[in-house]
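One letter stands for each residue in the lines below.
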Amino acid sequence: MSEIVLSMKGVEKVFGAFRALGPLDLDLRAGERLGIIGPNGSGKTTLINCITGVYRPDRGSIHFQGRDISHIEAHRRARLGISRSFQIPRPFNGMTVLENLLVPLDYCHIDGSKEERARSVLTSVGLAGRISHPSESLSQLELRKLELARALVGDPKVLIADEAMAGLSEGEIDEVLAILLALNRSGVAVIMIEHIMHAVMRFSERIVCFETGRLIASGTSAEIAENPLVRRVYFGE
Amino acid sequence: MFSIDILLNAIVTGILLGSVYASLALGLAITFGILHIPNIAHPTLVVAGAFFVYTLAQWGLDPIVAAVIGLVPFYVLGLALYLFYSRVFERRGGANVLQSLTLFFGLSLVVEILLVLSFGSELKSVNVSYIGSSLKFGALTVPYRLLIPALLGPVMIAAVWLYLSRTNSGTAIRAVAHEERALSIAGLDPAAVKRHAFGIATATAVVAGAALIMIGPVEPFGGRFQIGRVFAIVVLAGMGSIPGNLVIAIVIGVAEALVASYLNPSWSPGVAFAILLLGLAFRPQGLFGAAR
């Protein structure tokens, strides 16, 4: 079994009197495909924000590759190799697609030209033909691809895909899934947060389910589909 | 009575004045237009830059050389100002516009008082051999004391625009204006990017100050007369459009010169706002800004 790359122990996040997350223990293994599901308000976004450094946990610790990252800033976590895409695409408007990727490459130490690296990643996500177009001109699917490309260009160890398929057609969902699977095959651990159940079931090796900030179930797609707690949360059974 | 010579002189003078206005507004185009920090102290910092140039000119240095020497200390001053601003506001969850305006208004007063204490309240000017004469083309007369400062504007604007559009750190400055959180997830520290941008904006103040004091005498409270005009330029250009900044500044400069020549010089200060109101009525995002 591969090593643990990301480990959360007793992580809690509270806003005033509202406990948004935890206490939570959760590990992610190198190269793993982990799906996170749960209804709105179940703590999924709070979890991402705690991992990526937007929020600092009130209790507990987060370790990445053995290093305690609980209290370091978001940009430092990104440099260590934790990347994410946003549920609502956040391109750098006023820039071309290529320039959008050159921004994260500013801090990266890569072999060869940074522009070549950016072009290569854009080609891998199917945006080769849109390199010099302004990001404002992209379609919804292209914006999702740009989000993923920008997250990938720095060569992350962990990618968090936050509802990367929301609002897409079935064919477009397949395209995004293919990109994420190809990325995972290159060794990147992927955390997929998604409401499109058939996509998360197809993609994930392991799925965890959240409700009101707590992890209520964990297992394979088949186990989660049959889990009575999950069925109660999703179907009211 | 209408005279083609007066018209020609007014247009040329307006273009040159507009170019100087663009230098004055450049720092604000970065702090307000790109970083969304309403630094109303910027014109006062330009005046401080003029006094810096004046001081070095007393030791025999050319004003332009003095401005180049001033780039580093003014850049560092900008870093310090942003550090203070971010400690006071941003790290505590952000500032509202009124708080920021109050802070920079206070800064402006402090700088003015420091200038009065250091230099007195009298007008100060620089004298260089090449700014005493004029260039003549028939009926057109262009004084060097206006021409040379006017040439500084496009040079500085081109340098800043090339930096913002062609370098990675310049691209990061443009990115921070749009998506601060996405920038941090991309591995860049938004605070460091903004600090650097604020440093560049403040460094432009010393070059603009050199232009100002080459045109005519400067006094510590001179920044107050420029605040409205530079804000009008930045807003009408489209908040952060650097080339747009130059175009709008020239339009305002020409309009002011025409009003001064054909109507009444005392009406000139109102011209920038009249153009601003008209421009925003047709394009609320500014003439060179993207629609949101």
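Everything discussed here concerns the structure shown above.
Quick caveat: nothing in here was measured; it's all calculated off a predicted structure. (Residues numbered from 1 in each chain as written. Chains lettered and ligands numbered in written order. Predicted model: local features only at pLDDT ≥ 70, side-chain atom pairs only at ≥ 80, totals over all residues. Heavy atoms only, no water.)

1. Focus: the pattern of salt bridges
Now for step 1: For the coordinates displayed, the defined rule picks out 18 salt bridges over all chains.
Now for step 2: In this structure, the salt-bridge partner of Glu12(A) is Arg59(A), at a minimum N-O distance of 3.4 Å. Of this pair, Glu12(A) sits in strand E1 (residues 4-15) while Arg59(A) sits in strand E4 (residues 59-64), and the two are 47 residues apart along the sequence.
Now for step 3: Judged by relative accessible area, which is 10%, Glu12(A) ranks as buried.
Now for step 4: The residue Lys124(B) makes a salt bridge to Glu122(B) at a minimum N-O spacing of 3.9 Å.
Now for step 5: With a relative accessible area of 16%, Lys124(B) lands in the buried category.
Now for step 6: When salt bridges that share partners are traced, they join Glu12(A), Arg19(A) and Arg59(A) into one network. (Salt bridge = Lys/Arg side-chain N within 4 Å of Asp/Glu carboxyl O. Helix = DSSP H or I, 4+ residues; strand = E, 2+ residues; numbered from the N terminus. Buried < 20%, exposed > 50% of the residue type's maximum accessible area, 1.4 Å probe, protein only.)

2. Remarks on the packing of aromatic side chains
Now for step 1: For the structure on display, the rule yields 10 aromatic pairs over all chains.
Now for step 2: With 6.0 Å between their ring centres and 40 degrees between their planes, Tyr82(B) and Phe198(B) make a pair best called tilted. Here the residue Tyr82(B) occupies a position in helix H3 (residues 63-88), and Phe198(B) occupies one in helix H8 (residues 190-215), the gap between them amounting to 116 residues.
Now for step 3: Judged by relative accessible area, which is 0%, Phe198(B) ranks as buried.
Now for step 4: Site record: aromatic cluster; members linked through ring pairs are Tyr82(B), Tyr85(B), Phe104(B) and Phe198(B).
Now for step 5: Directly above the aromatic system of Phe203(A) lies the positively charged group of Arg33(A), at a separation of 5.7 Å from the ring centroid. (Phe/Tyr/Trp six-rings, centres within 6.5 Å; stacked < 30°, edge-to-face > 60°. Lys NZ or Arg CZ within 6 Å of the ring centre and 35° of its normal.)

3. A short note on the pairing of strand E8 (residues 189-193) of chain A
Residues and elements named next belong to chain A.
Now for step 1: Across the 5 residues that make up E8, a large majority, 5, are buried.
Now for step 2: Residues Ala189, Ile191 and Ile193 of E8 are buried on one face, and the alternating residues Val190 and Met192, pointing to the opposite face, are buried as well.
Now for step 3: With 4 bridges connecting them, strand E3 (residues 33-37) and E8 associate as parallel partners. When the bridges of E8 are listed, Arg33 appears paired with Val190. (Pairing = 2+ DSSP bridges.)

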